[in-house]
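The residues making up each chain are set out below.
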Amino acid sequence: MSLALVLEQLLNGVQFGLMLFLMSAGLTLVFGVMGLINLAHGSLYMIGAFLCAAVSGITGNFWLGLMGGLTAAAAAGALIEVLVIRRLYVRDHLDQVLATFALILILSEAMRLIFGPFPLYLNVPSALRGTVSLGIVDYSLYRLALIGFGIAVALGLWVLIAKTRLGIRIRAGESDREMIAALGVNIRALYTIVFALGAALAGLAGALVGAIQSVQVGMGEPVLILAFVVIVIGGIGSIKGAMVGALLVGVIDTMGRFLLPRVFAAFLDTSQAMGVGAALASMLIYLLMALVLIFRPKGLFPAHG
Amino acid sequence: MDSTRKEWLLNALIATALLAVPLWALMANEPFIITLATRIAILAIAAVGLNIALGLGGMVSFGHALYLGLGGYVAGIAAHHAFSGTTVLGLPGTNQMLPIWAIAMILSGAVAGVVGALSLRTSGIFFIMITLAFAQMGFFFTLSWPAYGGEDGLPIFVRNQFPGLNTARPWDMFLLSYAVLIAALILFAMLRAARFGAALMAIRQNPDRAAAIGISPFGIKLVGFIISGMITGLAGAMMADLTRFVSPAMLAWTMSGELIVIIILGGVGRLFGPVAGAAILVGFEVFFGGLTEHWKLWLGLVLLGVVLFARGGLIGLLAGRAQNG
């Protein structure tokens, strides 16, 4: 086990964490501002990936595809908010879980109807193919670009929320919904914008990750559950918590899968060590979440005091 | 006719139909229909278990597939070792349903005790998420643990035995499942009518007020959660025997979602809600699944419609609102 290999896995973990952050940011905003638990967030990730693959397949240009995926996810998010989600804000969590579970069924089947049952493939843009030397390790240029992209979007989101009028309204909505409506802010429009913003981030993550995975129906749900783990660890409603949680989950999951089988190989035979190590590694982040909830029931960075 | 009598009449009708349809299928030699009715009965048992936590206690567990899968793997592992004549943890395998059910229920109850004790420290969305997380832990564990098939699952070559019945015959398997379902429903009705059920419902409606009159919310909810997990675990052992196969799919989060969907379609907290819901879900799958491969699109639309516009499910629609909802 060389230092280069460890560094490569660490970078993979950070890259995975930043993509999880894009998913989690929207989820945590929607919960923080509207008090809504949205299972269909993974479907928006899927829509972003499918539309990116389709548009870049037709035009031959990845960046056009990326714009297409992002726009489609945002539009789908706005449409879903107006048609369905809007009716759920006053309902209890059970109704929200069920209605958004129903949306997953509908959106997944709709994608299968439109694009057929087979996975689509999305190529890494030609400018970002190959590897780049980071001193001791040659690392995939595309994954490195994803890290840069993730950091840039996180900074952009911070500027949006901390420095703009829309951000002030979003933060006001998080702390007191009734009050900002009473002060004359169009709360319905604000909710639609926040939901579409979250959807756009999810679609962006889907499109970016689509180039290193296959684009298929059901790709959103595993990421969705990880994003839930992230926001529960970070504290629901907190963007900072989502960032810390996403990096923790990304790095711990990746390093666990890499290190645990090797640790067990020290005192078990190889095939057994691989099995035990892999089984434990896949449970690691859920253990982390359970531990966080036991000691900090509202997450690491509780959004409301 | 008041709504309580209406509901009893409707319940009797559902119970009779679930017995009469497979009986007709037995006469008409349609074993497929008998197996479908068995599946409905077993899914209904699992949902009766969840209905104790969700319907009576208001605990939205998004991880009940964990207990279903635990029960399933107990049946699968016991049969596996009985078949190969090997031992597990020093014990021989068995192909008898009664000891398998007992172990499945004890194990599910123990796991539900641990999960409940940790999860009930939280509430609302955190409770939903932490129960989901524990189920995912189980899912990934079975997926990557190679000893019992890993992601390929574990087949049960010969269905486990029950004294006095030939479980290989669809009709015998149905009768057994039906009897267990009725027993589970009686247990649910007794729990709901007892002081325990009243306390559980009081806590759901107002935990502070319940605590003020001397009911400990944590203890009562934990006991409710454990009983709930045990019944769902029993259903898991039976489900594995029905399909003669157990795999990580039994612990998938969609399975947890399906159990909640069953209760919503039937009616939350209603005695026969799980039975009606399971019948609707399986019926929908068979009927629309035969018409179009995109039947889940229609299921999603129906579910969305029920959640948005027809709260109370089928029982609520036909028998009116619950008396103590």
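The shown structure was predicted, so the numbers you read here are calculated from the model rather than taken from an experiment.

**Concerning the overall build of chain B**
Scanning chain B for helices and strands turns up 13 helices and four strands. A compact globule built from 325 residues would reach a C-alpha radius of gyration of about 20 Å, and chain B, at 19 Å, matches this within 12%. Per-residue burial over chain B gives 54% buried out of 325 residues. Counting only contacts in chain B whose residues sit at least 6 apart along the sequence, the fraction spanning at least 24 positions is 79%. Here chain B carries 16 positive and 11 negative side-chain charges, and the mean point of each set is 14 Å from the other.

**A word on the nonpolar core**
Counting 213 residues, the largest nonpolar core has Leu22, Met34, Leu39 and Met289 of chain A together with Trp101, Met129 and Leu181 of chain B as the members making the most contacts within it. The contacts of Met129 of chain B, once residues within four sequence positions are left out, are Ile37, Phe228, Val232 and Met289 of chain A. Judged by nonpolar contacts, the second largest core, of five residues, contains Leu260, Phe264, Ala273 and Ala281 of chain A.

**Observations regarding the pattern of salt bridges**
Tallied over the entire structure, the rule returns seven salt bridges over all chains. A salt bridge links Arg112 of chain A to Glu109 of chain A; the nearest nitrogen and oxygen atoms lie 2.9 Å apart. Separated by three residues within a single helix, Arg112 of chain A and Glu109 of chain A lie in helix H4 (residues 93–115), roughly one turn from each other. The exposure class of Arg112 of chain A is partly exposed, given its relative accessible area of 30%. The class of Glu109 of chain A is buried, set by a relative accessible area of 4%. Note that Glu285 of chain B and Arg39 of chain B form a salt bridge whose closest N and O atoms lie 3.4 Å from each other. With Glu285 of chain B in helix H11 (residues 273–291) and Arg39 of chain B in helix H2 (residues 31–56), this pair connects stretches of sequence that are 246 residues apart.

**What about unusual backbone geometry?**
Residue and element names in this part refer to chain B. You will see that Asn29, though not glycine, has its phi angle at about 55°, which is positive. Here Asn29 lies in the loop between helix H1 (3–27) and H2. Exposure remark for Asn29: the relative accessible area of 64% places this residue in the exposed category. In this structure, Arg244 is a non-glycine residue whose phi angle is positive, near 50°. Within the secondary structure layout, Arg244 lies in the loop between helix H9 (217–243) and strand S4 (245–246).

**Concerning the interface of chain B and chain A**
Opposite the 42 residues of chain B that make contact, chain A presents 43 residues. If you look at where chain B meets chain A, you find zero salt bridges. At the surface where chain B touches chain A, the tally comes to four residue pairs in polar contact (both at pLDDT 80 or more). Elements represented by at least two residues in the side of chain B that touches chain A include exactly helix H5 (125–144), helix H10 (253–266) and helix H12 (295–309) of chain B. Of the residues forming the side of chain B that touches chain A, the biggest block, 13 residues, is contributed by H5 of chain B. Taken together, the residues of the side of chain B that touches chain A sort by class into 29 nonpolar, eight polar and five charged.

**Digging into H2 of chain B**
The α-helix winds at 3.6 residues per turn, so residues separated by three or four positions along the chain end up facing the same way. Residues and elements named next belong to chain B. When the terminal C-alpha atoms of H2 are compared, their 36 Å separation across 26 residues agrees well with the 38 Å that a helix rising 1.5 Å per residue should span. Most pronounced at Leu50, the bend in H2 amounts to some 40°. The buried fraction of H2 is high, at 21 of 26 residues. Downstream of H2 by a residue or two, Gly58 has a phi angle that is positive, lying close to 65°.

**Focus on the side chain of Asn38 of chain A**
All names here are of chain A. Structurally, the position occupied by Asn38 is in the loop between helix H1 (3–34) and helix H2 (41–59). Within the structure, Asn38 has its side chain in polar contact with the backbone nitrogen of Ala40 (distance 3.0 Å). In contact with Asn38, other than residues within four places in its own chain, are Leu27, Thr100, Phe195, Leu224 and Phe228.

**So, the packing of H1 of chain A against helix H5 (residues 141–163) of chain A**
All names here are of chain A. Here H1 crosses H5 at 30°, and the two axes come no closer than 9 Å. When the axes of H1 and H5 are compared, the pair comes out roughly parallel. Considering the relative orientation of H1 and H5, their crossing is left-handed. From H1, Leu11, Asn12, Val14, Gln15, Leu18, Met19, Phe21, Leu22, Ala25 and Leu29 reach across to H5, where they touch Arg143, Leu146, Ile147, Gly150, Ile151, Val153, Ala154, Leu157 and Ile161. The class makeup of the residues in the contact of H1 with H5 is 15 nonpolar, three polar and one charged.

**Some remarks on the environment of Gly57 of chain B**
Residue and element names in this part refer to chain B. Within the secondary structure layout, Gly57 lies in the loop between H2 and helix H3 (65–84). Measuring from C-alpha to C-alpha, the distance between Gly57 and Gly138 comes to 24 Å, with 81 residues separating the pair along the chain. Those residues in contact with Gly57, other than ones at most four positions away along the chain, are Ile52, Leu200, Arg204 and Lys221.

**Description of the packing of H1 of chain B against helix H6 (residues 170–193) of chain B**
For any two helices packed against each other, one specifies the inter-axial angle together with the distance between the axes. Residues and elements named next belong to chain B. Following both chains from N to C, one finds H1 and H6 inclined at 175°, their axes separated by 11 Å at the closest point. With respect to H6, the axis of H1 lies roughly antiparallel. Residues Ala15, Thr16, Leu18, Leu19, Pro22, Leu23 and Leu26 of H1 touch H6, and the partners they reach there are Trp171, Phe174, Leu175, Tyr178 and Leu181. Along the lines of polarity and charge, the residues of the contact of H1 with H6 split into eleven nonpolar, one polar and no charged.

**Description of helix H3 (residues 62–83) of chain A**
All names here are of chain A. Counted at 1.5 Å a residue, the expected span for H3 with its 22 residues is 32 Å, and the 31 Å between its end C-alpha atoms agrees. Restricting attention to buried positions, one finds in H3 the residues Phe62, Gly65, Leu66, Gly68, Gly69, Ala73, Ala74, Ala76, Gly77, Ile80 and Glu81. Structurally, H3 contributes buried residues whose contacts are with H2, H4, H5 and helix H8 (187–210). Capping of H3 at its N-terminal end is provided by Asn61; its side-chain oxygen lies 2.8 Å from the backbone amide nitrogen of Trp63.

**What to know about the packing of aromatic side chains**
Evaluation of the coordinates by the stated rule reveals 18 aromatic pairs over all chains. Arranged with centres 6.0 Å apart and planes meeting at 90°, the rings of Phe101 of chain A and Trp253 of chain B form a pair that is edge-to-face. Pair noted here: Phe101 of chain A is in helix H4 and Trp253 of chain B is in helix H10, and the two residues belong to different chains. Both residues of the pair, Phe101 of chain A and Trp253 of chain B, count as buried. Taken together, the ring pairs connect Phe62, Trp63 and Tyr142 of chain A into an aromatic cluster.

**Some remarks on the environment of Ala53 of chain A**
Residue and element names in this part refer to chain A. Mapped onto the elements, Ala53 comes out in helix H2. Each C-alpha atom of the pair Ala53 and Gly65 lies 6.4 Å from the other, and the pair is twelve residues apart in sequence. The residues contacting Ala53, other than those within four sequence positions of it, are Leu120, Tyr121, Leu122 and Val215.

**Things to note about a nonpolar patch on the surface**
On the surface, Leu259, Val263 and Phe267 of chain A cluster together into a nonpolar patch covering about 280 Å² of accessible area. Within the secondary structure layout, Val263 of chain A lies in helix H10 (residues 239–264).

Definitions and limits used
- Residues numbered from 1 in each chain as written.
- Chains lettered and ligands numbered in written order.
- Predicted model: local features only at pLDDT ≥ 70, side-chain atom pairs only at ≥ 80, totals over all residues.
- Heavy atoms only, no water.
- Helix = DSSP H or I, 4+ residues; strand = E, 2+ residues; numbered from the N terminus.
- Rg over C-alpha atoms; globule rule 2.2 N^0.38 Å.
- Buried < 20%, exposed > 50% of the residue type's maximum accessible area, 1.4 Å probe, protein only.
- Contact = heavy atoms within 4.5 Å.
- Lys, Arg positive; Asp, Glu negative; His and termini not counted.
- Charge placed at Lys NZ, Arg CZ, Asp CG, Glu CD.
- Core = buried A, V, L, I, M, F, W, Y, C linked by side-chain atoms within 4.5 Å.
- Salt bridge = Lys/Arg side-chain N within 4 Å of Asp/Glu carboxyl O.
- Polar contact = N/O pair within 3.5 Å; in protein donor to acceptor, adjacent residues only side chain to side chain.
- Nonpolar A, V, L, I, M, F, W, Y, C, P; charged D, E, K, R; others polar.
- Expected span 1.5 Å × (residues − 1).
- Bend = angle between axes of the 7 residues up to and from the residue.
- Axes fitted to C-alpha atoms, helices over the stretch in contact; angles between N-to-C directions.
- Parallel < 35°, antiparallel > 145°, perpendicular 65-115°, else oblique.
- Left-handed = near helix turned anticlockwise from the far one by under 90°.
- Phe/Tyr/Trp six-rings, centres within 6.5 Å; stacked < 30°, edge-to-face > 60°.
- Patch = residues over 30% accessible without salt bridge, like charges linked within 9 Å, V, L, I, M, F, W, Y side chains within 5 Å.
- Areas by Shrake-Rupley, 256 points an atom, 1.4 Å probe, with all protein chains shown as cover.

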